[in-house]
Amino acid sequence: MKVIYRKLGREKAYGMSDYGCNTIVIDSRLQGRKHLEVTLHEALHIYFPEKSETFIKNTGRKLANVLWKMNYRRVDNSLGI
């Protein structure tokens, strides 16, 4: 899966996914827990395109909660964002 970072202000979204291209776009301004949750949410859209938005939203939030409680944090900023 390809992950692209860019500002998504015009789209009024934190993230987007394109199942056909196997790509997700994450707003480059996101940080911390919100970054984790949105990344998981968009990845779930790619891996489970048949699932409802409610399922994706709830599952992404639950996975983010588990990982955050386990102290998973984004520490590598070598992407230049």
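In the block above lies the structure referred to throughout.
So, a few notes on the structure that sits alongside this text. (Residues numbered from 1 in each chain as written. Predicted model: local features only at pLDDT ≥ 70, side-chain atom pairs only at ≥ 80, totals over all residues. Heavy atoms only, no water.)

### A look at the pairing of strand β2 (residues 15-18)
(1) Moving on: Where β2 and strand β3 (residues 23-27) come together, four bridges link them in antiparallel fashion. Bridge pairing in β3 links Gly 15 to Ile 26.
(2) Moving on: Hairpin connection of β2 to β3: four residues between the antiparallel strands, including Asn 22 at a positive phi of 55°. (Pairing = 2+ DSSP bridges. Helix = DSSP H or I, 4+ residues; strand = E, 2+ residues; numbered from the N terminus.)

### Observations regarding the packing of aromatic side chains
(1) Moving on: Per the stated rule, a full pass over the model turns up zero aromatic pairs.
(2) Moving on: The lysine or arginine in question, Lys 51, covers the ring of Phe 55, its NZ or CZ lying 4.9 Å from the ring centre.
(3) Moving on: Taking the ring centre of Trp 68 as reference, the NZ or CZ of Arg 73 above it sits at 3.4 Å. (Phe/Tyr/Trp six-rings, centres within 6.5 Å; stacked < 30°, edge-to-face > 60°. Lys NZ or Arg CZ within 6 Å of the ring centre and 35° of its normal.)

### Considering a nonpolar patch on the surface
(1) Moving on: A grouping of Met 1, Val 3, Tyr 47 and Phe 48 is seen on the molecular surface, where their side chains present a nonpolar patch of about 380 Å² in accessible area.
(2) Moving on: The residue Phe 48 is located in the loop between α1 (32-47) and α2 (53-69) in this model.
(3) Moving on: On the accessibility criterion, Phe 48 (35% relative accessible area) is partly exposed. (Patch = residues over 30% accessible without salt bridge, like charges linked within 9 Å, V, L, I, M, F, W, Y side chains within 5 Å. Areas by Shrake-Rupley, 256 points an atom, 1.4 Å probe, with all protein chains shown as cover. Salt bridge = Lys/Arg side-chain N within 4 Å of Asp/Glu carboxyl O. Buried < 20%, exposed > 50% of the residue type's maximum accessible area, 1.4 Å probe, protein only.)

### Side note on the environment of Arg 61
(1) Moving on: Note on placement: Arg 61 falls in helix α2.
(2) Moving on: Residue class for Arg 61 comes out partly exposed when judged on its relative accessible area of 34%.
(3) Moving on: Remark: the alpha-carbon pair of Arg 61 and Leu 40, spanning 21 residues in sequence, is separated by 8.1 Å.
(4) Moving on: For Arg 61, the residues in contact, after removing those within four places along its chain, are Arg 33 and Glu 37. (Contact = heavy atoms within 4.5 Å.)

### Focus: the nonpolar core
The nonpolar side chains of a soluble globular protein tend to be buried with one another.
(1) Moving on: With five residues, the main nonpolar core is built from Ile 24, Ile 26, Leu 30, Val 38 and Ile 46.
(2) Moving on: Discounting chain neighbours no more than four positions away, the residues touching Leu 30 are Tyr 14, His 35, Val 38 and Arg 74. (Core = buried A, V, L, I, M, F, W, Y, C linked by side-chain atoms within 4.5 Å.)

### Some words on the environment of Gly 15
(1) Moving on: Locating Gly 15 in the fold gives a position in strand β2.
(2) Moving on: Sequence separation between Gly 15 and Gly 32 is 17 residues; the distance between their C-alpha atoms is 15 Å.
(3) Moving on: Here Gly 15 is in contact with Leu 8, Val 25, Ile 26, Val 38 and Glu 42, once residues within four sequence places are set aside.

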